[in-house]
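Residue-level listing of the chains:
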Amino acid sequence: MILSCPACNTRYLVPDAAVGSSGRQVRCASCRHSWFQDPPALDLAEGAAGSFGAPDVPPAAAPVASAPAPVQAAPDRVDLAPPPAAPGKDVPENEVQARYDGPDEVAPIHDIVVARPRRNTAKLLTIASVIVALVLLAAIGAVVAVGTDKLAERLGIVPAPVPLVIEMTNKPDRRETASGNELLAVTGRIVNPTDRPQTVRDIRAELRDTSGRTVYSWTITRPVPQLAPGASAEFDSAAVDIPRGAKNLHLSFIGATGN
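As a convention, each chain's residues are numbered from 1 in the sequence order in which they are written. pLDDT decides what is reported in this predicted model: residues at 70 or higher carry local features, side-chain atom pairs at 80 or more are listed and counted, and totals for whole chains, interfaces and linings draw on all residues regardless. As a rule here, side-chain values cover all heavy atoms of the structure and leave hydrogens and water aside.

Enquirer: Lay out the overall build of the chain with the relevant residues and their values.
Expert: When helices and strands are counted, the chain shows 3 helices and 14 strands. Relative to its full complement of 259 residues, the chain shows a buried share of 21%. Considering only contacts in the chain between residues 6 or more positions apart, those separated by 24 or more positions represent 60%. Accessible area of the chain: about 18,900 Å², with a carbon and sulfur share of 57%. The way it works is that DSSP assigns letters per residue, a run of H or I at least four long becomes a helix, a run of E at least two long becomes a strand, and they are numbered from the N terminus. For every residue, the accessible area (1.4 Å probe, protein chains only) is compared with the maximum for its type, and the residue is labelled buried under 20%, exposed over 50%, or partly exposed between those bounds. Contacts are residue-level and defined by heavy atoms, with any inter-residue pair within 4.5 Å sufficient. Per-residue and other accessible areas follow the Shrake-Rupley method at a 1.4 Å probe size, with only the shown protein chains counted as cover for residues.

Right, dumping it as C-alpha cells:
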C-alpha cells in the first residue's frame with residue numbers, strides 16, 4: 001500500500017503487513033509527523049469472484065493441529081524510513097521502508113533563504129553626526145586657542161591687506177634703566193585713511209640687526225578695536241632687555257599686510 005504524509009505529502013510504498021489489519025501509528029521520515037494509519041481496504045471484487053464466480057472446491061483435509069506459534073506483539077508505532085543503503089538485501093517484515101513513487105524522482109529540496117543583514121540607517125546617521133560634531137568642536141577649539149589671525153597664518157592663508165597706516169610720532173627712545181637693563185620705548189599712532197570703518201589689529205614690533213635678521217620681537221596691543229573713516233589712535237609700548245645688536249625697528253600688523 002502507498003502511504004502519504006498528511007503534513008508534507010511525502011509518499012511511501014509499504015507492505016500491507018506493516019500496517020496490519022487493525023491499523024498502526026506511523027511517523028514520516030521527512031518531517032517527523034506522526035499519524036494513525038487505517039488498515040488497507042479489502043478488494044471486494046476479488047472476494048465476490050471467490051464467492052459466486054468460482055466453482056465449488058471441496059474443502060481440503062483439515063491440517064493436523066499443532067502447537068500454536070508464539071505471537072509477537074506488534075510495535076505501537078512504525079517509523080517510515082528511507083530505503084536501505086545496500087539494495088537487494090531482504091527487508092524484515094516488521095520494518096516499513098520507504099521509497100519515492102518513481103525511479104527518476106528525487107527527494108524534495110527545501111530552498112534555504114539567507115537573510116541579508118539590514119543596514120541600520122539610523123545608526124549610520126548617528127555615527128556621521130557625531131563625527132561632524134567632533135570636527136566642528138576641534139575647529140572651534142583651534143580658533144579659540146590660537147586666534148583667527150594666527151590660525152590663518154599657520155594654515156598659509158594670506159588675509160587681505162589692512163588699509164591702515166602706522167606712523168611713528170616720536171623717535172624710539174632707547175636707554176639704560178637703573179637696574180642696568182636696556183629699555184626701548186616706542187610711540188606712534190594708527191591712521192585710517194579710507195572712507196569706511198576699519199578693524200584694528202595688534203602690532204608686531206621687531207628689532208633687527210644690520211643684516212636684517214630679527215633679534216628681538218614683542219606685541220603691541222591695539223589701542224582701539226575699530227577706527228572710523230579718517231580717524232586715528234595713539235599707541236605706546238616699551239620693551240626691556242633689548243639685545244645690543246638690535247639696530248632697526250620694524251612695525252607691522254599681525255595677521256595681515258600693513259604699512
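Enquirer: With reference to specific residues and values, describe the packing of aromatic side chains.
Expert: Think of it this way: a Phe, Tyr or Trp ring, Trp meaning its six-membered ring, pairs with another when their centres are within 6.5 Å, and the plane angle makes it stacked under 30 degrees, edge-to-face over 60, tilted otherwise. Taken as a whole and assessed by the stated rule, the structure comprises 1 aromatic pair. Ring geometry for tyrosine 216 against tryptophan 218: centres 5.9 Å apart, planes inclined by 50°, an arrangement best described as tilted. Tyrosine 216 sits in the partly exposed class, given a relative accessible area of 23%. Residue classification places tryptophan 218 among the buried residues on the basis of a relative accessible area of 11%.

Enquirer: With reference to specific residues and values, describe the sheet that holds strand S10 (residues 203-208).
Expert: Strand pairing is defined by DSSP finding a minimum of two bridges between the two strands. With respect to topology, 3 strands assemble into an open sheet ordered S11-S10-S14, the strand pairing being antiparallel. Looking along the sheet, the strands with just one partner apiece sit at the ends: strand S11 (214-220) and strand S14 (248-253). Direction aside, neighbouring strands of the sheet carry axes that sit 20° apart on average. The pairing of S10 with S11 spans 6 bridges and is classified as antiparallel. Angular values range over 0 to 180 degrees, each being the angle between N-to-C directions of two axes fitted as lines to C-alpha atoms, with helices fitted over their stretch in contact.

Enquirer: Provide a residue-level description of the pattern of salt bridges, including the pertinent values.
Expert: For this document, the term salt bridge refers to a Lys or Arg side-chain nitrogen within 4 Å of an Asp or Glu carboxyl oxygen. Summed over the entire model, instances satisfying the criterion amount to 5 salt bridges. Notably, a salt bridge pairs aspartate 173 with arginine 175, separated by 2.3 Å at the nearest N-O pair. Across the salt bridge formed by glutamate 182 and arginine 174, the nearest N and O atoms sit 3.0 Å from each other. Judged by its relative accessible area of 15%, glutamate 182 falls in the buried class. Take arginine 174: its relative accessible area is 33%, and that puts it in the partly exposed class.

So far we have only geometry, and geometry alone does not tell us how the molecule works.
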